[in-house]
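Letter by letter, the chains look like this.
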Amino acid sequence: MNTQVVPITPDDLKTIHIDRIEPEMCEAVNQLIKKNYKQGSAIVKRNDLLDLYMNIKGITEPAAISAEKTRIFENFLFDIEGLYRSVGWTVYWEAPDRGENFEEYFKFTVKK
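Every chain is numbered on its own, with residues counted from 1 as its sequence reads. Local features are withheld for residues below a pLDDT of 70 in this predicted model, meaning they are given only at 70 or higher, and side-chain atom pairs are given and counted only at 80 or more; totals for whole chains, interfaces and linings count all residues. Think of the side-chain values as coming from all heavy atoms in the structure, minus any hydrogens and water.

Caption draft 1: Seen up close, the side chain of Glu81. Relative to the elements of secondary structure, Glu81 occurs in helix 5 (residues 81-85). Buried charge without a salt bridge: Glu81, with Arg85 as the nearest opposite-charge side chain at an N-O distance of 5.4 Å. We call two residues contacting when some pair of their heavy atoms lies within 4.5 Å. Setting aside anything within four residues of it in sequence, one finds Glu81 in contact with Val91, Trp93 and Phe106. We count a stretch as a helix when DSSP gives it H or I for four or more residues in a row; a strand needs E for two or more, and each element gets its number in order from the N terminus. Any residue under 20% of the maximum accessible area for its type is buried, any over 50% is exposed, and the rest in between are partly exposed; the area is computed with a 1.4 Å probe on protein chains only. Charge assignment in this entry is limited to Lys and Arg as positive and Asp and Glu as negative, and neither His nor the chain termini are counted. Whenever a carboxyl oxygen of Asp or Glu lies within 4 Å of a side-chain nitrogen of Lys or Arg, that contact is scored as a salt bridge.

Put into structure tokens, the structure is as follows:
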């Protein structure tokens, strides 16, 4: 069998995790974008997003919240950038570098 393998491209990776994103995560992101939208952009803080997602899912027990957070990060369910870029947003993820101290967040900006 002669199967040709080609290298993966950066474009192939832009949407690699889109099919894993749950409707509840999209609902939480959408609500926070609406709430925080000002002058063409919205900031969605990591903890606000996780809290709202847990609320939408009905997860309230600390152990269940911890387990769900682990599941989210291990399965790339928080990788929403590609999905929102594909529908017209410019999305940046900001996290503190060494020596910086601020809450991680997504910034959604309307593409021009």
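After that view of the structure, there is still more to cover.
Caption draft 2: Inspection of helix 3 (residues 46-57) at higher detail. Expected span of a helix, by definition, is 1.5 Å for each gap between consecutive residues, and there is one gap fewer than residues. The terminal C-alpha atoms of helix 3 lie 16 Å apart, and with 12 residues this matches the ideal 16 Å at 1.5 Å per residue to within 8%. Where helix 3 is buried, its residues touch helix 2 (23-36), strand 1 (41-45), helix 4 (62-74) and strand 3 (105-110). Looking one or two places after helix 3, you find Gly58, whose phi comes out positive at around 75°.

Caption draft 3: Quick look at unusual backbone geometry. Positive phi, normally seen in glycine, also occurs at Gln39, with a value near 50°. One can find Gln39 in the loop between helix 2 and strand 1. When its relative accessible area of 85% is taken as the criterion, Gln39 is described as exposed. Positive phi, normally seen in glycine, also occurs at Phe76, with a value near 60°. Within the element layout of this structure, Phe76 appears in the loop between helix 4 and helix 5. Since its relative accessible area comes to 37%, Phe76 is described here as partly exposed.

Caption draft 4: Examining the packing of aromatic side chains more closely. Aromatic pairing here means that ring centres of Phe, Tyr or Trp (its six-membered ring) are within 6.5 Å. Orientation follows from the plane angle: under 30 degrees is stacked, over 60 is edge-to-face, and everything else is tilted. According to the stated counting rule, one finds 9 aromatic pairs in the structure shown. Aromatic pair Tyr37 and Trp89: ring centres 6.3 Å apart, planes at 75°, arrangement edge-to-face. Residue Tyr37 is found in the loop between helix 2 and strand 1, and its partner Trp89 is found in strand 2 (residues 89-94); the two are separated by 52 residues along the sequence. For Tyr37, a relative accessible area of 40% gives the class partly exposed. A relative accessible area of 16% places Trp89 in the buried class. Taking 6.2 Å as the distance between ring centres and 50° as the angle between the ring planes, the aromatic pair formed by Phe102 and Tyr105 counts as tilted.

Caption draft 5: Spotlight on the sheet that holds strand 3. Following DSSP output, two strands are said to pair if at least two bridges run between them. Ordered in space as 1-3-2, the 3 strands form an open sheet in which the pairing is antiparallel. Two strands bound the open sheet, and with one partner strand each, they are strand 1 and strand 2. When the angles between neighbouring strand axes are averaged without regard to direction, this sheet yields 20°. In this structure, strand 1 lies alongside strand 3, joined through 5 bridges in antiparallel fashion. Pairing of Val44 across the sheet is with Phe106, part of strand 3. The axes are straight lines fitted to the C-alpha atoms, using for helices just the contacting stretch, and the angles between their N-to-C directions are given from 0 to 180°.

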